[in-house]
Structure formats: structure tokens, C-alpha cells
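# Survey of secondary and tertiary structure
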Amino acid sequence: MTVVAPDLNTSRSLLDLTFAELERELITSGLAPVHARPLWRALHRDLHHELTNEADFPPPLRRWLAGQLGAGRRFFLEAPVETADIASTDGLTRKFLLRLADGQTIETVLMGFKGRHTACLSTQAGCAMACVFCATGQMGFARHLRPGEIVAQVHHAQAALRAAGREGLRNLVLMGMGEPLHNYDAVMTALEIISDRGGLNIGPGRITISTVGVVPGILRLAAERRPYHLAVSLHGATDEERSALVPAGRRWPLTELMAACRTYFGQTGRRIFFEWTLIAGANDSPAQAGRLAKLLAGLDAHVNLIPLNPTDGFAGTATQSTAARAFQQVLQAAGIPSTIRQRRGIDVAAGCGQLRAEKRGAGSAAGVK
Ligand code: SAH
């Protein structure tokens, strides 16, 4: 089957619309606003992706869909194609490779924890931030995702869980491919859609946005009082050490970044998560932990320590567990809580920083299409 990419100049994805926008569209077409709810539910709660056979839709809504939805019409339905579903041998992690309408591919990771699931979403195809140890950064930037392409990843993960008879999705982390605050508007629209109670209903308190440290984005989140959790990737506590790993550190130095974090905390009162990828001999000494503790003094902070996952383009190795614990103890002595992240899905390249949208890994090949 050849899939013709919709013309985005004339056609919009139904999944790009917030509830209010959908309601407005229907009203503009002469429908009553009450028709928005059943359509929204079919899309975002029941995950119907055809909408040609909705017997319980009122006739005006069915007529509207017949006239407005489809090739060459005003709206189309987002349908990323799953090109691979790769399960890690840990039995808890699955990685989906999704091909978008224009042929770009992205990855979505589903992680099982006790009694709950977390999906890790991509916000861009590729990434412009070029962090040296990250596979997505190594591949470069292709394009921003639209809101519907972010929402569709949640649909996909949710549908996969339902098909497996598993419990629904509880948490979302925007830690897949891309820099969420470099695609601010699309990400905020997507999160508004995803957290809507009549649809996917994943509350804002269960959503974490992870940023490389885009200062204007952090300040905007604070000013707009966005209700999501924030994680900031540090990896270095001096500008020199940080910028060697995270080039964005040259654009937004630590003094500016930490000032933005303090403003964010002042406005929202919410604890901030800080991510620190532990790389042997690069940023894992007790002295470096001490500098990190100083940087975070007075903030309500939690540090996530992530032992480096291997990528082709970076030669460093992960900090061993004894050194990781020593690093953690320095933080603890300074009163800063931290967690050493468990490794997930490394065998299928589904770990932090390993996403580069290709079929690789030793996982269950049966899932590769
Ligand atoms: N652009 C966002 C999301 C990135 S992925 C950000 O920069 O925060 C989430 C976390 O994984 C980030 O802290 C990122 O720096 C980290 N990471 C990237 N590559 C990694 C790797 N190879 N091993 C371990 N962590 C990595």
C-alpha cells in the first residue's frame, strides 16, 4: 500500500487539535458543541483510528466526518506506522519504531514498573542540541514533531498495553528523541491534549519534561505556570566541563541556567529533577559531586544519576557502581536526595540517549517488522 503524505497546507491532523479547538471547528461547520465530546472520546479514550463506523455517533457528526475526513479533505487521522516493536530481554521494556507520514522515523519506549507503565516520548525527529554522548544528538536535527505526532505516540503505547491486557499508562517522560523546549508550542499543545480528563487522562503531575537547559523555555514554563514536572540535564557543574559534553551550555551558561531554575522554583514551588549522566573519569569524582551540591544549594532538587549508556559516536564508559555510590554519598552529605537509575533496555538500544530510530539490538526479533 502506498501511503500518500497529507498536504499540511490544506489538511490538519485531528490529533493536533485540543478539545477547545475541536469544539470550535464543529461550531464553525454549523454543528452543536455537544458533538465534540463523543468524537473526542472515540479518538482519545477509545483510541478509534478509523471513525467510519461509529454507529453511536449522532447523524450530524457522522455526516461531518464523512465530508471532512480523508485524503484531500480538511482533516486527516494521524497514523504513524509501526515498523518495529522490539522487546528487551529484561521483559519490562519495549521500544517502538514509528514511521511518520513524511517518512521520518521516531522512537517511543514503554517501560514497565511494579503496577504501572511509563512511556518515553520523542518530541523531535533527531535533535539539534548535539550532546556528545547521546545517539540522537549524534544524528542531528531533522524536524519538529507536530502535537498530533506526540499524542499519537501515547495512543500507540496505550493501545499496545491494552492489546497485551496490561494496565494502562500512568506516567510520561519527554526524554525520547529531541529537545522538548526547542519545540515548545507543539509540546504544550500535545500535553494539554494528553492530560484532558475526558480523553487519555494522564494528569500533569504524571508528566515530566526533560530539558538540556533551554533557559527561555524554563522561564516560559514558570511564567505560564505549566503544571508539569521539570527535569534539567546538567552533567557538569562548571561551564567548561558541562559544555564539553553539552554544547548548549555555551549558549546558556550555568549562572543563567541556575537563575532560571530558581525563578521556576520560586513561581511554581515544585521540586526540580536534575539529570547527571555518569561517565567514568569525566564527571564522576567526589570533587565534582561536591561542586554539583554547591550549585544546587537552597533549591528543592532531586538528582537522577544515569550511568552512561553506550553509543557509537562516544568512546566514554559508564561509572562503576562503587564510584556511583561514592558520588551519591557526597550529595547525600550535603542534604541532596538522588537516585541511581536502573538500566533499562540497553540490549535493544532503548536506554537513555540510545534512540536513533533504527532497528537494532538483540531483543525479540519476532517483533521486528
Ligand atoms: N533533550 C532532553 C531529553 C534527553 S534524554 C534533555 O536533554 O534533557 C534524557 C536524559 O538522558 C538527558 O539527561 C540526557 O542527557 C541523558 N542521556 C543522553 N544520552 C545518554 C547516554 N548515552 N547515557 C545515559 N544518559 C544519556
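Above this text you will find the structure in question.
Figured I'd write up the structure that's included with this text.

Reading the values: rules and limits
- Residues numbered from 1 in each chain as written.
- Predicted model: local features only at pLDDT ≥ 70, side-chain atom pairs only at ≥ 80, totals over all residues.
- Heavy atoms only, no water.
- Helix = DSSP H or I, 4+ residues; strand = E, 2+ residues; numbered from the N terminus.
- Buried < 20%, exposed > 50% of the residue type's maximum accessible area, 1.4 Å probe, protein only.
- Contact = heavy atoms within 4.5 Å.
- Polar contact = N/O pair within 3.5 Å; in protein donor to acceptor, adjacent residues only side chain to side chain.
- Phe/Tyr/Trp six-rings, centres within 6.5 Å; stacked < 30°, edge-to-face > 60°.
- Axes fitted to C-alpha atoms, helices over the stretch in contact; angles between N-to-C directions.
- Parallel < 35°, antiparallel > 145°, perpendicular 65-115°, else oblique.
- Left-handed = near helix turned anticlockwise from the far one by under 90°.
- Nonpolar A, V, L, I, M, F, W, Y, C, P; charged D, E, K, R; others polar.
- Pairing = 2+ DSSP bridges.
- Arc of directions from axis to C-beta.
- Near = heavy atom within 4 Å.
- Core = buried A, V, L, I, M, F, W, Y, C linked by side-chain atoms within 4.5 Å.
- Right-handed = clockwise from strand over helix to strand, strands pointing away.
- Disulfide = S-S within 2.5 Å.
- Salt bridge = Lys/Arg side-chain N within 4 Å of Asp/Glu carboxyl O.

Here the focus is the environment of Glu179. Relative to the elements of secondary structure, Glu179 occurs in the loop between β9 (169-174) and α6 (184-194). By relative accessible area, Glu179 is classed as buried at 3%. Separated by 57 residues in sequence, Glu179 and Ser122 have C-alpha atoms that sit 8.4 Å apart. Beyond its immediate sequence surroundings of up to four residues, Glu179 is in contact with Thr123, Gln124, Cys127, Met129, Ser210, Thr211, Val212 and Val214. Here Thr211 takes part through its side chain, which lies 2.8 Å from a polar atom of the side chain of Glu179.

The next thing to look at is the packing of aromatic side chains. All told, the structure shown has 4 aromatic pairs when counted by the stated rule. A ring pair is formed by Trp64 and Phe75, whose centres lie 5.7 Å apart and whose planes are at 45 degrees; its orientation type is tilted. One end of the pair, Trp64, is in helix α3 (residues 59-68); the other, Phe75, is in strand β2 (residues 75-76), and 11 residues separate them in sequence. Accessibility assignment for this pair places Trp64 and Phe75 in one class, buried. For the pair Trp276 and Phe327, a centre-to-centre distance of 5.7 Å together with 40 degrees between the ring planes defines the contact as tilted. Taken together, the residues Trp276 in strand β12 (residues 272-278) and Phe327 in helix α12 (residues 321-333) connect sequence positions 51 residues apart.

Close contact between helix α1 (residues 19-28) and helix α2 (residues 36-44) brings their axes to 10 Å; oriented N to C, the two are set at 130 degrees. Here α1 is positioned oblique relative to α2, judged by the angle of their axes. The chirality of how α1 crosses α2 is right-handed. Note on element contacts: α2 touches α1 through Ala36, Arg37, Leu39 and Trp40, opposite Phe19, Leu22, Glu23 and Leu26. Among the residues making up the contact of α1 with α2, the classes are represented as 6 nonpolar, no polar and 2 charged.

Okay, the sheet that holds strand β5 (residues 105-113) next. Strand order in the open sheet formed by 10 strands is β3-β4-β5-β6-β9-β10-β11-β12-β13-β14, and the pairing between neighbours is mixed. The sheet is open, and its two edges are formed by β3 (81-87) and β14 (338-340), each paired on a single side. Going from strand to strand, the sheet's axes swing by 20 degrees on average, the running direction of each strand aside. As paired strands, β9 and strand β10 (residues 207-211) are joined by 3 bridges and run parallel to one another. Directly across from Leu174, in β10, lies its bridge partner Ile209. In this fold α12 packs onto β12, β13 (301-307) and β14, with an angle of close to 175 degrees to the strand it touches most, β14.

What follows deals with helix α11 (residues 286-296). For α11, the complete set of buried residues consists of Gln288, Ala289, Leu292, Ala293, Leu295 and Leu296. Down the axis of α11, the smallest arc covering the buried residues is 160 degrees, so these residues share one side. Elements in contact with the buried residues of α11: α8 (239-245), α10 (254-268), β12, β13 and α12. Taken from the residues just after α11, Gly298 is the one with a positive phi, measuring 85 degrees.

Another point: the site of the ligand. Contacts to the ligand come from 18 residues, most closely from Phe133, Ser210, Ser233, His235 and Asn309. Contacts to the ligand include Ser210, whose side-chain N or O atom sits 2.6 Å from an oxygen atom. One of the backbone N or O atoms of Asn309 is found 2.9 Å from a nitrogen atom in the ligand. Elements with a contribution of two residues or more to the shell around the ligand: β10 and β12. Residues belonging to the shell around the ligand are distributed by class as follows: 7 nonpolar, 9 polar and 2 charged.

With that settled, the discussion passes to the nonpolar core. With 110 residues, the main nonpolar core has Leu14, Leu51, Ile194, Leu234, Phe274 and Leu296 as its most contacted residues. Ignoring any residue separated from it by four or fewer positions in sequence, one finds Phe274 in contact with Val232, Leu234, Met258, Cys261, Leu296, Leu299, Ala301, His302, Val303 and Asn304.

This part takes up the pairing of β10. Summarising burial for β10: 5 of the 5 residues are buried, a large majority. At this point the chain moves from β9, through α6, to the parallel β10, and the crossover so formed is right-handed. Crossover β10 to strand β11 (residues 229-233) through helix α7 (residues 215-223) is right-handed.

One pass over the structure, following the stated rule, counts 0 disulfides. Free of any disulfide, Cys120 has its nearest cysteine sulfur in Cys352, 7.0 Å distant. The buried category is assigned to Cys120, whose relative accessible area is 8%.

If you want to describe how two helices pack, look at the angle between their axes and the distance between the axes. Between α6 and α7, the least distance of the axes is 12 Å, while the angle of their chain directions is 35 degrees. Judged by the sense of rotation from one axis to the other, the crossing of α6 with α7 is right-handed. Along its contact with α6, which presents Tyr184, Asp185 and Met188, the element α7 presents Gly217, Arg220 and Leu221. Broken down by class, the residue content of the contact of α6 with α7 amounts to 3 nonpolar, 1 polar and 2 charged.

Attention now moves to the pattern of salt bridges. Across all of its chains, the model carries 15 salt bridges by this definition. For Arg143, the salt bridge identified is with Glu149, shortest N-O distance 3.0 Å. In the salt-bridge network here, residues are joined through shared partners; they are Asp16, Glu78, Asp102, Arg143, Arg146 and Glu149.

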